[in-house]
Amino acid sequence: MIRNDQALSVALPGDTGEVIAFRRPKREEVDLDITPMIDVTFLLLIFFLVSATVETAKAVDLPPAKFGKGVGVQGSLVITVADRGRNVPPAVYLADGKVGEPLPDDPETQRDRIRQAVGDALRSGKSNVLIKAERSLRHREVARIMEDVALAEGVKLYIGVLERE
């Protein structure tokens, strides 16, 4: 067996000198174009962003409004008041939406926890308090929470509503 860089030759026993030469095929450089794969990835990303739905378990049904001034949620303490039905006090959350555990139903405990949260927000530089109350709640329940918030000085109080289109 004779080996060159280009060919591999084999001589069989009993041959009269005839050599069979096997040539290696020339290898071509292959470039993989990943542009279509990137396009498909971006299309899937856009599809999932557009078709994603908001989780309704955490959403609050806000009343509509014609006039008002917007306030940013990032720079505000958000208090959510959710309706639990007739003859049951509303659930009060110290978060944007029905997130986590609600405050205890005792009004005094709620007042203390709300005052503490407002004080913490003021110390961290958040002077806006946004109350998101469901449309089906009675005004007296929302007014009670507003009074608890208003006990702290230097707070700007906002009520969350939906914009009318």
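Here the structure is a predicted model, which is why all the values come from computation and not from measurement.

Procedures and definitions
Residues numbered from 1 in each chain as written. Predicted model: local features only at pLDDT ≥ 70, side-chain atom pairs only at ≥ 80, totals over all residues. Heavy atoms only, no water. Helix = DSSP H or I, 4+ residues; strand = E, 2+ residues; numbered from the N terminus. Buried < 20%, exposed > 50% of the residue type's maximum accessible area, 1.4 Å probe, protein only. Contact = heavy atoms within 4.5 Å. Areas by Shrake-Rupley, 256 points an atom, 1.4 Å probe, with all protein chains shown as cover. Phe/Tyr/Trp six-rings, centres within 6.5 Å; stacked < 30°, edge-to-face > 60°. Axes fitted to C-alpha atoms, helices over the stretch in contact; angles between N-to-C directions. Parallel < 35°, antiparallel > 145°, perpendicular 65-115°, else oblique. Left-handed = near helix turned anticlockwise from the far one by under 90°. Nonpolar A, V, L, I, M, F, W, Y, C, P; charged D, E, K, R; others polar. Core = buried A, V, L, I, M, F, W, Y, C linked by side-chain atoms within 4.5 Å. pLDDT = per-residue confidence, 0-100. Pairing = 2+ DSSP bridges.

Looking only at helices and strands, one finds three helices and nine strands in the protein chain. When the helices and strands of the protein chain are read in sequence order from the N terminus, they spell out β-β-β-α-β-β-β-α-β-α-β-β. The buried share of the protein chain, taken over its 165 residues, is 24%. Nonlocal contacts in the protein chain, meaning residues at least 24 apart in sequence, comprise 58% of its contacts between residues at least 6 apart. Accessible surface, the protein chain as shown: approximately 12900 Å² in total, 55% of it carbon and sulfur.

So, about the packing of aromatic side chains. Across all of its chains, the model carries one aromatic pair by this definition. Between phenylalanine 47 and phenylalanine 48, the aromatic rings sit 5.3 Å apart at their centres with planes inclined by 65 degrees, giving edge-to-face as the arrangement. Residue classification places phenylalanine 47 among the partly exposed residues on the basis of a relative accessible area of 49%.

In contact at an axis separation of 8 Å, helix 2 (residues 107–123) and helix 3 (residues 139–150) are set at 45 degrees when each is read in the N-to-C sense. Accordingly, the angle class assigned to the pair helix 2 and helix 3 is oblique. The way helix 2 lies across helix 3 gives a crossing that is right-handed. Each of Pro107, Gln110, Arg111, Ile114, Arg115 and Val118 in helix 2 lies in contact with helix 3, whose residues at this interface are Arg144, Ile145, Asp148 and Val149. Grouping the constituent residues of the contact of helix 2 with helix 3 by class yields five nonpolar, one polar and four charged.

So, about the nonpolar core. Core analysis: the largest hydrophobic core is formed by 16 residues, its most contacted members being Leu77, Ile79, Ile114, Val129, Ile131, Ile145 and Val149. Within the residue set of this core, elements represented by two or more residues are strand 5 (76–82), helix 2, strand 7 (128–133) and helix 3. Non-local contacts of leucine 77, meaning those with residues more than four positions away in its chain, are made with Ala117, Val118, Ala121, Lys126, Asn128, Val129 and Leu130.

What follows concerns the confidence of the model for the protein chain. The predicted model of the protein chain has a mean per-residue pLDDT of 80, with 76% of residues at 70 or higher. Mean pLDDT values for the elements of the protein chain range from 50 in strand 1 (residues 2–3) up to 93 in helix 1 (residues 35–51).

It is worth spelling out the pairing of strand 5 at this point. Most of strand 5 is tucked away, with seven of its seven residues classed as buried. Burial along strand 5 is two-sided: the residues Ser76, Val78, Thr80 and Ala82 and Leu77, Ile79 and Val81 are all buried. The pairing of strand 5 with strand 7 spans six bridges and is classified as parallel. Within the sheet, the bridge partner assigned to valine 81 lies in strand 7 and is alanine 133. Of the strand pairs in this sheet, strand 5 and strand 6 (residues 91–93) are connected by three bridges, and their pairing is antiparallel. The partner of threonine 80 across the bridge, within strand 6, is tyrosine 93.

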